[in-house]
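Listed below are the residues making up each chain.
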Amino acid sequence: MIRLAELPLQGRTTASVSLTATLSSALSVGSGGSSGSLADKPIVKDAFGRLLIPGSQLKGRLRHECEKLARGLGWAICQSPDPNLMCPKREGIPGRFEREEYRVAGYEGSHCWVCQIFGNPTLPSRLWVDDLVCDLSPEGYEEALRPGVTLNRRRQTAEDQRLYFIETSPATALKFTGSLHLLPDCPSWGKALILAALHHIHALGGSKSAGLGWLTWDPQSLVPLQPTEQDWAQLGQGGWV
Amino acid sequence: METIQLTLTAESPLAIGRQKPGGAISEAQDYIPGSVIRGAIAGLILSQAQANPHAPLEGDFAALFTAAQPAVFTNAYPGSQSKVLPATALSSKNDPGFKDSGKDKTGIFDTLIDRFCSHKLGIPFDPTEPDGSGGRVEPYRGFYQPKGSQYEMASTGKRLLTRVGINRRRATAADQILYSLEVMNEGQPRKEQPIRATTFNGKIYLRDAKLAETLTRYIQANAHLLRLGGSVSRGLGRVRIEAKPQSSTPSSLPQRLTTFNKKLQERWQAWQIFASAKLPSDRQYFAIGLQSGAILRDNWQRTTVLSPAMLQEETGIEDGSLCLELAFSSYDYVSGWNAAWGLFKDVDLVTSPGSVFLFSTTQLDRWIPALTDLEQIGVGERTSEGFGQVEVCSEFHLHFWENAV
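Basis of the calculations
Residues numbered from 1 in each chain as written. Chains lettered and ligands numbered in written order. Predicted model: local features only at pLDDT ≥ 70, side-chain atom pairs only at ≥ 80, totals over all residues. Heavy atoms only, no water. Helix = DSSP H or I, 4+ residues; strand = E, 2+ residues; numbered from the N terminus. Buried < 20%, exposed > 50% of the residue type's maximum accessible area, 1.4 Å probe, protein only. Contact = heavy atoms within 4.5 Å. Lys, Arg positive; Asp, Glu negative; His and termini not counted. Charge placed at Lys NZ, Arg CZ, Asp CG, Glu CD. Axes fitted to C-alpha atoms, helices over the stretch in contact; angles between N-to-C directions. Parallel < 35°, antiparallel > 145°, perpendicular 65-115°, else oblique. Nonpolar A, V, L, I, M, F, W, Y, C, P; charged D, E, K, R; others polar. Pairing = 2+ DSSP bridges. Buried area = accessible area lost by both parts, 1.4 Å probe. Salt bridge = Lys/Arg side-chain N within 4 Å of Asp/Glu carboxyl O. Phe/Tyr/Trp six-rings, centres within 6.5 Å; stacked < 30°, edge-to-face > 60°. Lys NZ or Arg CZ within 6 Å of the ring centre and 35° of its normal. Core = buried A, V, L, I, M, F, W, Y, C linked by side-chain atoms within 4.5 Å. Patch = residues over 30% accessible without salt bridge, like charges linked within 9 Å, V, L, I, M, F, W, Y side chains within 5 Å. Areas by Shrake-Rupley, 256 points an atom, 1.4 Å probe, with all protein chains shown as cover. Expected span 1.5 Å × (residues − 1). Bend = angle between axes of the 7 residues up to and from the residue.

1. Some thoughts on the overall build of chain A
Then step 1. A count of helices and strands for chain A gives five helices and ten strands.
Then step 2. The principal-axis extent of the C-alpha atoms belonging to chain A is close to 65 × 50 × 30 Å.
Then step 3. With 241 residues in all, chain A has 49% of them scored as buried.
Then step 4. Considering only residue pairs separated by 6 or more positions, chain A has 68% of its internal contacts joining residues 24 or more positions apart.
Then step 5. Side chains of chain A carry 24 positive and 24 negative charges; the gap between the two charge centres is 5 Å.

Here it is in structure tokens:
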């Protein structure tokens, strides 16, 4: 019997975590499909003209870091983003995937620990990642247009047809805020993995190796993600057990 | 019948797909289908109720979604009080639109009653631009909403979001995982004014007053957990939903029917300068306009015309005098995804929104209660998902060529 009035009392609630990132350098989150700029890689904005870091990028990056950490702990992890190489198909991927921890009630096959948080072609994601939006109004800043050129290594001169322009945010300490939502089915050790992954993310967007997109997470915003000792222990036992 | 008024304000782009053609782009809808709102609320209730997975799906859930007469979730159209323009509405081919939206526009007018007169009298009807210039006109589609004493179009902007998968080993774009999503914008630019958040308006109709109250409270308390459309785990589909019960007001249908018939008689008199004939004095008329796509089946076969027999079956009224005078309809195809099945829905033929059917009867008074119900429940199949919503005798039919709006 389902009674709407009683549902919120049953304890199956979504945990929402507010995230705040502060830029340490200019940001270049571009999109080839964007228009309305002279740049080859214009910066992404929402419909109100505000700067943003898309949720898809943050989620993809979090997944990547979680894969690295879990694999480092010896857990068998599939190879995203190719659907054929992801759980539950995993064509030709070696590893001990047939284990009890990889079973998900109601879903066939086995699903590695990263897929259990981020989803795969058959398992819905148990983590929702919102866009990180800079609340500064578009009138409050000006984007920077940065020219770049590729060098001909032999002649040490500019290469033909390799002049490009990247649009970036101004190099000021802009704050980007958004939220992570852990759905009721999200495993409890998911918090531990996500928290560790966030500590590995020092930059987002393009040209990271050239100094763009470096940021720091507000320590206060990470407090709600503090996992329990049991979560750390479960994650830390690794895939060798 | 109880009514819950839903106001949805987009907080992020909405990827509500219309179809997935052969290309890499998923097209976005122009509105939020009722099936999407219904599915999101049902999905949220189920996810919260899974504390006891073996519990039967009874109680409020069954009353809302699986009962013989479930709640009706209408489509949510952009703007406020938006409606679908009837298929009989025409506007200039060169410069279409409402008069208020531009200096040189000659406006939009409706031709249902004129077409009826010309059809009955056997006179060709070839309307031109309302300014008398003889310019060509053609059907004008879309959503419209009141703006003072006039109207304006209601629509949402769209944009393409390009996404790419990253090859984990090389940290570069992965092969064959570049795609673009078309989404509805979360903001609407306005002339010389700040950008306004995109809003949509829809309704939920229920028979049970107590359940309506419970559902309203549930939506208000859990609105922040609802996501609509695709890619919801990646930042898209965030909406702010406000639900409030709509106070029941006496239906304006009797008044609309009277006005419609009076105008039709007046118009008929005006057409008498071309030919002389009399309308049957005992007949009265009503127009049924589709406000959403309708899935109509006649004798197990798909159809795009609402026949008198189907209308009698839908309403349970036997009326031998009911006659379909005119039909203006087109078709489209619709599919979708059912989260409970984990499968796509079968492709259905739908009669396009805006289609108009003009009926006549000698027993109009008997039809008034049934037509009032029809405006809330809808016609055809899958009405609980918002299909088959109708408006009887739309006031837009009274905007003739000489008073285009």
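2. Quick notes on the packing of helix α1 (residues 34–49) of chain B against helix α4 (residues 209–222) of chain B
Residue and element names in this part refer to chain B.
Then step 1. Between α1 and α4, the shortest axis-to-axis distance is 12 Å and the interhelical angle comes to 80°. Taken together, the axes of α1 and α4 are roughly perpendicular relative to one another. Contacts from Ile 41, Leu 44, Ile 45 and Gln 48 in α1 reach Tyr 218, Ile 219 and Asn 222 in α4.
Then step 2. Per-class residue counts for the contact of α1 with α4 are five nonpolar, two polar and no charged.

3. Section: the packing of helix α6 (residues 308–315) of chain B against helix α7 (residues 364–377) of chain B
All names here are of chain B.
Then step 1. In contact at an axis separation of 10 Å, α6 and α7 are set at 85° when each is read in the N-to-C sense. Here α7 runs roughly perpendicular to α6, going by the angle between their axes. Each of Leu 311, Gln 312 and Thr 315 in α6 lies in contact with α7, whose residues at this interface are Trp 367, Ala 370 and Leu 374.
Then step 2. Residue composition of the contact of α6 with α7, by class: four nonpolar, two polar and no charged.

4. Some points on α6(B)
Then step 1. If you check which residues of α6(B) are buried, you get B:Pro308, B:Met310, B:Leu311, B:Gln312 and B:Thr315.
Then step 2. Downstream of α6(B) by one or two residues, B:Gly316 has phi in the positive range, about 75°.

5. Observations concerning the sheet that holds strand β9 (residues 143–147) of chain B
All names here are of chain B.
Then step 1. The three strands are arranged β5-β9-β10 in an open sheet whose pairing can be described as antiparallel. Strand pairing shows two members of the sheet lacking a second neighbour, β5 (83–84) and β10 (150–154), which therefore form its edges.
Then step 2. Inspection of the sheet shows β9 paired to β10 by five bridges, in the antiparallel sense. Bridge pairing in β10 places Lys 147 opposite Gln 150.

6. Overview of the interface of chain A and chain B
Then step 1. Taken together, the contacts link 36 residues of chain A with 40 residues of chain B.
Then step 2. Here chain A and chain B share an interface that buries about 3100 Å² over both sides, 59% of which is from carbon and sulfur atoms.
Then step 3. Taken together, the links from chain A to chain B amount to three salt bridges.
Then step 4. Across the pair A:Asp130 and B:Arg227 runs a salt bridge whose closest N-O atoms are separated by 3.5 Å.
Then step 5. For the side of chain A that touches chain B, the elements supplying multiple residues, two or more each, are α1 (55–72) and β5 (127–129) of chain A.
Then step 6. Element by element, the count of residues in the side of chain A that touches chain B is highest for α1(A), at seven residues.
Then step 7. Taken together, the residues that form the side of chain A that touches chain B break down as 13 nonpolar, twelve polar and eleven charged.

7. What to know about the packing of aromatic side chains
Then step 1. A full pass over the atoms with the stated rule returns 22 aromatic pairs over all chains.
Then step 2. With 5.9 Å between their ring centres and 10° between their planes, B:Phe65 and B:Phe73 make a pair best called stacked.
Then step 3. Residue class for B:Phe65 comes out buried when judged on its relative accessible area of 8%.
Then step 4. Considering the side-chain rings of B:Phe286 and B:Trp367, the 5.8 Å spacing of their centres and the 35° angle between planes classify their relative orientation as tilted. Of this pair, B:Phe286 sits in strand β17 (residues 284–290) while B:Trp367 sits in helix α7, and the two are 81 residues apart along the sequence. Like B:Trp367, B:Phe286 is buried.
Then step 5. Here a set of aromatic residues connected by ring pairs shows up, and it is made of A:Trp75, A:Phe97, A:Tyr102, A:Trp113 and A:Trp189.
Then step 6. The ring of A:Tyr102 has A:Arg99 sitting right over it, with the charged end atom 5.5 Å from the ring centre.

8. Quick word on the nonpolar core
Then step 1. Counting residues in hydrophobic clusters, the biggest one holds 55 residues, and the most contacted among them are A:Leu62, A:Leu180 and A:Trp217.
Then step 2. Among the elements that make up this core, the one with the highest residue count is helix α3 (residues 190–200) of chain A (six residues).
Then step 3. Excluding anything up to four places from it in sequence, A:Trp217 contacts A:Leu19, A:Thr20, A:Ala21, A:Leu58, A:Leu132, A:Leu198, A:Ile201, A:Leu204 and A:Leu222.
Then step 4. Counting 43 residues, the second largest nonpolar core, distinct from the first, contains B:Leu264, B:Leu322, B:Phe357 and B:Leu374.

9. Thoughts on the pairing of strand β9 (residues 175–182) of chain A
Residue and element names in this part refer to chain A.
Then step 1. The element β9 is extensively covered by neighbouring structure, given that six of its eight residues are classed as buried.
Then step 2. With eight bridges joining them, strand β1 (residues 15–23) and β9 adopt antiparallel strand pairing. Bridge assignment links Ser 18 to a residue of β9, and that residue is Ser 179.
Then step 3. Pairing of β5 with β9, which is carried by three bridges, proceeds in the antiparallel orientation. Bridge pairing in β9 links Val 129 to Leu 180.
Then step 4. Two elements, strand β6 (residues 132–134) and β9, share two bridges in a ladder whose sense is antiparallel. Bridge pairing in β9 links Cys 134 to Phe 176.

10. Observations regarding a nonpolar patch on the surface
All names here are of chain A.
Then step 1. A cluster of nonpolar residues, Leu 38, Leu 145, Val 149, Leu 151, Leu 163 and Phe 165, forms a patch on the protein surface that exposes about 580 Å² of accessible area.
Then step 2. Elements supplying a minimum of two residues to the nonpolar patch: β7 (144–152) and β8 (157–168).
Then step 3. Counting residues per element, the nonpolar patch draws most heavily on β7, at three residues.

11. Things to note about the pairing of β7(A)
All names here are of chain A.
Then step 1. Sheet analysis places β7 next to β8, joined by eight bridges and oriented antiparallel. Directly across from Leu 145, in β8, lies its bridge partner Glu 167.
Then step 2. Once β7 ends, the chain turns through four residues before running back antiparallel as β8, passing Gln 156 with a positive phi of about 55°.

12. Structural notes on unusual backbone geometry
Residue and element names in this part refer to chain A.
Then step 1. The residue after Ser 80, namely Pro 81, is reached through a cis peptide bond having omega 5°.
Then step 2. Take Pro 81: it is sitting in the loop between α1 and β3 (103–104).
Then step 3. Cis geometry marks the peptide bond from Cys 87 to Pro 88; its omega dihedral reads -5°.
Then step 4. If you trace the backbone, Pro 88 turns up in the loop between α1 and β3.

13. As for α7(B)
All names here are of chain B.
Then step 1. The end-to-end C-alpha separation of α7 is 20 Å, in line with the 20 Å expected for 14 residues at 1.5 Å each.
Then step 2. Maximal helix bending in α7 amounts to about 30°, located at Ala 370.
Then step 3. What α7 keeps buried is the set Leu 364, Trp 367, Ile 368, Ala 370, Leu 371, Leu 374, Glu 375 and Gln 376.
Then step 4. Remark: Gly 378 follows α7 within two positions and exhibits a positive phi of approximately 95°.

This is a description of form; function is not addressed.
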